[in-house]
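Okay, here's what each chain looks like letter by letter:
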Amino acid sequence: MKRFFALLLVLLLLPALALGALFLLAPSWLRGMEKPDAPPTPDAAQAEFLRELARDTWRYFETYVQGALPPDNVQLDPPVPPARRTSPTNTGLYLLACLCARLNGFIDEAEMRARMEKTVRALEAMPKWKGHPYNWCDTQTLQPLRPKYVSSVDSGNLLACLLLCAQAVGGALAERMRALAKEMDFRALYDKKRELFVIGVDVEREKPSNAHYDLLASESRILSFAAILCGGAPVKHFARLARGLAVTRQGSALLSWSGTMFEYLMPELFLRAPRGSLLEQSNRAVVRLQKAEGERLGRAWGVSESGYYAFDRDLNYQYRAFGYAQLAMSASAQADVVAPYAAALALPQVLTWSIPQTVGGAATTGSLSLRFNWVNYDTGTGRLIDGYFWFWLKNVGP
């Protein structure tokens with residue numbers, strides 16, 4: 001599910017999608033917040049490189065979305081059939097990828113709407129809990145996988161994607177997207193006593209998780225903002241998100257759970273941090289830390305959650321969060337895997353650097369070149385992982 005965010009950023013860069021669309025829908029008190037700086041404009045060479053990458057990224061969907069829903073991942077080596085499961089995050093980001101492909105001229109209006117209509121129809125038809133699609137469902141039957149579980153953060157991601165796409169496409173399709181969003185009861189995932197969202201709900205036992213999303217430096221920031229926007233949580237909830245700081249040589253940064261790039265930069269796909277804010281300063285410090293560690297170790301940078309060189313009994317790569325202990329509240333943080341999608345998330349901050357080197361570490365590894373969007377590198381074993389863990393990796397690390 002979280003794997004889906006990867007190189008979608010590249011599709012969003014050219015041309016820039018109005019990621020402030022959520023802002024436009026927000027209550028008046030939000031409109032008074034300081035707006036972020038405009039994203040940097042790539043030069044001609046950078047733009048060409050990014051467009052080629054975006055086009056290659058879209059080919060993933062053209063190749064592997066055979067019906068209405070995208071597979072969670074595709075693994076090429078060892079060869080394993082495309083996963084027959086998907087999540088609300090995957091589905092929402094596929095809708096957003098269709099929009100970005102249209103904006104970039106990869107598909108026409110008719111194809112975009114045809115693809116979106118199929119996906120919206122599947123979302124309308126699949127079983128739900130209080131309007132929320134289950135965390136995993138079969139891409140062909142639409143039935144939930146056992147155990148039945150609803151993930152708060154996945155539902156928040158889907159909500160954000162539905163709102164953004166509805167704002168962009170208009171018409172009857174937009175109304176159906178808004179109807180799906182309206183049906184999602186986020187109050188059922190909100191702990192009024194703690195004033196926080198639970199991680200999720202075990203639907204088979206009707207039992208909410210004991211743990212909560214309680215950090216500002218988290219991918220759940222989108223869940224919080226979008227749910228507040230739609231009345232699923234009170235405004236005071238945002239103030240409950242913890243803002244503890246870590247001090248590094250590259251500056252102070254908000255503490256996250258795992259110290260991953262994903263936790264800091266994924267929300268920037270939807271809602272850019274205001275200039276000079278704690279979030280913006282924290283994001284910059286994290287990118288500087290990642291870059292400095294890469295240079296110190298003589299390798300590409302971009303440590304984040306990713307597939308790594310270990311297998312289950314069916315020869316599927318295993319997956320976990322990788323991050324820097326300096327930034328993490330978790331005691332199990334490890335920085336053993338470099339995932340190029342993580343560096344791609346930092347592109348708005350690093351356009352003054354060499355994009356191929358930044359994103360793929362081609363100059364560092366000498367072997368990846370334009371394959372960076374396909375590969376992760378497990379520094380613990382020195383092995384490349386081959387396959388697409390969603391569209392952001394072919395599996396593996398630089």
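Participant: In this structure, what is going on with the sheet that holds strand 7 (residues 190-191)? I would like to understand it.
Facilitator: The antiparallel open sheet is built from 3 strands, whose spatial order is 7-8-11. Of all strands in the sheet, those bounded by a partner on one side alone are strand 7 and strand 11 (212-213). The pairing of strand 8 (residues 196-198) with strand 11 spans 2 bridges and is antiparallel. Within the sheet, the bridge partner assigned to Val198 lies in strand 11 and is His212.

Participant: Would you mind showing me how to read the pairing of strand 13 (residues 251-254) here?
Facilitator: Relative to strand 13, strand 12 (residues 245-248) is paired through 4 bridges, and the arrangement is antiparallel. Each residue of the ladder has a partner; that of Ala246, found in strand 13, is Ala253. Adjacent in sequence and paired antiparallel, strand 12 and strand 13 are bridged by 2 residues.

Participant: Please explain the packing of helix 7 (residues 152-169) against helix 8 (residues 171-183) as it appears in this structure.
Facilitator: Two numbers describe how helix 7 lies on helix 8: the axes approach to 8 Å, and their chain directions differ by 160°. The angle between the axes of helix 7 and helix 8 places the two elements in the roughly antiparallel class. Handedness of the helix 7/helix 8 crossing: left-handed. Of the residues in helix 8, those touching helix 7 at Leu159, Leu162, Leu163, Cys165, Ala166, Gln167 and Val169 are Gly171, Leu173, Ala174, Met177, Arg178, Leu180 and Ala181. Its residues placed into classes, the contact of helix 7 with helix 8 shows 11 nonpolar, 2 polar and 1 charged.

Participant: Got a minute to help me understand helix 6 (residues 109-125) in this structure?
Facilitator: Since the α-helix turns once every 3.6 residues, residues separated by three or four places project in the same direction. With 17 residues, helix 6 extends 24 Å between its outermost C-alpha atoms, agreeing within 8% with the 24 Å of an ideal straight helix rising 1.5 Å per residue. On its buried side, helix 6 packs onto helix 4 (44-64), helix 5 (88-103), strand 3 (128-129), strand 4 (132-133), helix 7 and helix 8. Its side-chain oxygen at 3.3 Å from the backbone nitrogen of Ala110, Asp108 defines the N-terminal cap of helix 6.

Participant: Just to check I follow, could you spell out the packing of aromatic side chains for this structure?
Facilitator: Pairs of aromatic rings are described using the distance from one ring centre to the other and the angle between the two planes. The final tally for this structure, using the stated rule, is 10 aromatic pairs. Here the aromatic rings of Tyr60 and Tyr64 are separated by 5.3 Å at their centres, their planes lie at 45°, and the arrangement is tilted. One end of the pair is Tyr60 and the other is Tyr64, both in helix 4 and 4 residues apart, which spans about a single turn. Residue Tyr60 is classed as buried on the basis of its relative accessible area of 3%. Where Phe311 meets Tyr317, the ring centres are 4.9 Å apart and the plane angle is 35°; that geometry is what we call tilted.

Participant: For this particular structure, what's the right way to read the sheet that holds strand 10 (residues 207-208)?
Facilitator: Within a sheet, each strand pairs with its neighbour through backbone hydrogen bonds, oriented either parallel or antiparallel. The 3 strands are arranged 6-9-10 in an open sheet whose pairing can be described as antiparallel. Among the strands making up the open sheet, the edge pair consists of strand 6 (149-151) and strand 10. Across 2 bridges, strand 9 (residues 200-202) lies against strand 10 in antiparallel orientation. Looking at the pairing, Val201 lines up with Pro208 of strand 10. Across the sheet, helix 7 is in contact with strand 6 and strand 9; its angle to strand 6 comes to roughly 60°.

Participant: Whenever I open this one, the nonpolar core confuses me. Can you help?
Facilitator: Across soluble globular proteins, you tend to see nonpolar side chains buried next to one another. Counting 101 residues, the largest nonpolar core has Trp58, Met116, Leu162, Met177 and Phe270 as its most contacted members. When residues in this core are grouped by element, the largest group, 11 residues, is from helix 7.

Participant: Whenever I open this one, the pattern of salt bridges confuses me. Can you help?
Facilitator: Two side chains bearing opposite charge may form a pair once their charged atoms approach each other closely. Inspection of every chain in the model, using the stated rule, returns 19 salt bridges. A salt bridge links Arg284 to Glu280; its shortest N-O distance comes to 2.6 Å. With Arg284 and Glu280 both in helix 12 (residues 278-297), this residue pair falls 4 residues apart, about one helical turn. With a relative accessible area of 35%, Arg284 lands in the partly exposed category. Classification of Glu280 by relative accessible area gives buried; the value is 16%.

Participant: So what exactly am I meant to see when it comes to the environment of Gln281 here?
Facilitator: Mapping Gln281 onto the fold places it in helix 12. On the accessibility criterion, Gln281 (43% relative accessible area) is partly exposed. Put simply, Gln281 and Ala253 are 28 residues apart on the chain and 7.2 Å apart in space, counted from C-alpha to C-alpha. Setting aside residues no more than four positions away along its own chain, Gln281 makes contact with Ser252 and Gly276.

Participant: For this particular structure, what's the right way to read unusual backbone geometry?
Facilitator: Glycine aside, the phi torsion of most residues is negative, and most peptide linkages are trans. Residue Pro78 is bonded to the preceding Asp77 through a cis peptide linkage, with omega at -5°. Tracing the backbone shows Pro78 in the loop between strand 1 (74-77) and strand 2 (85-86). A cis amide bond links Arg146 to the next residue, Pro147, at an omega of -5°. Locating Pro147 in the fold gives a position in the loop between strand 5 (137-138) and strand 6. Positive phi values are uncommon outside glycine, yet Lys130 reaches one of about 50°. Structurally, Lys130 is set in the loop between strand 3 and strand 4. Phi at Leu142 takes a positive value of approximately 70°, unusual for a residue other than glycine.

About the cut-offs
- Residues numbered from 1 in each chain as written.
- Predicted model: local features only at pLDDT ≥ 70, side-chain atom pairs only at ≥ 80, totals over all residues.
- Heavy atoms only, no water.
- Pairing = 2+ DSSP bridges.
- Helix = DSSP H or I, 4+ residues; strand = E, 2+ residues; numbered from the N terminus.
- Axes fitted to C-alpha atoms, helices over the stretch in contact; angles between N-to-C directions.
- Parallel < 35°, antiparallel > 145°, perpendicular 65-115°, else oblique.
- Left-handed = near helix turned anticlockwise from the far one by under 90°.
- Contact = heavy atoms within 4.5 Å.
- Nonpolar A, V, L, I, M, F, W, Y, C, P; charged D, E, K, R; others polar.
- Expected span 1.5 Å × (residues − 1).
- Polar contact = N/O pair within 3.5 Å; in protein donor to acceptor, adjacent residues only side chain to side chain.
- Phe/Tyr/Trp six-rings, centres within 6.5 Å; stacked < 30°, edge-to-face > 60°.
- Buried < 20%, exposed > 50% of the residue type's maximum accessible area, 1.4 Å probe, protein only.
- Core = buried A, V, L, I, M, F, W, Y, C linked by side-chain atoms within 4.5 Å.
- Salt bridge = Lys/Arg side-chain N within 4 Å of Asp/Glu carboxyl O.

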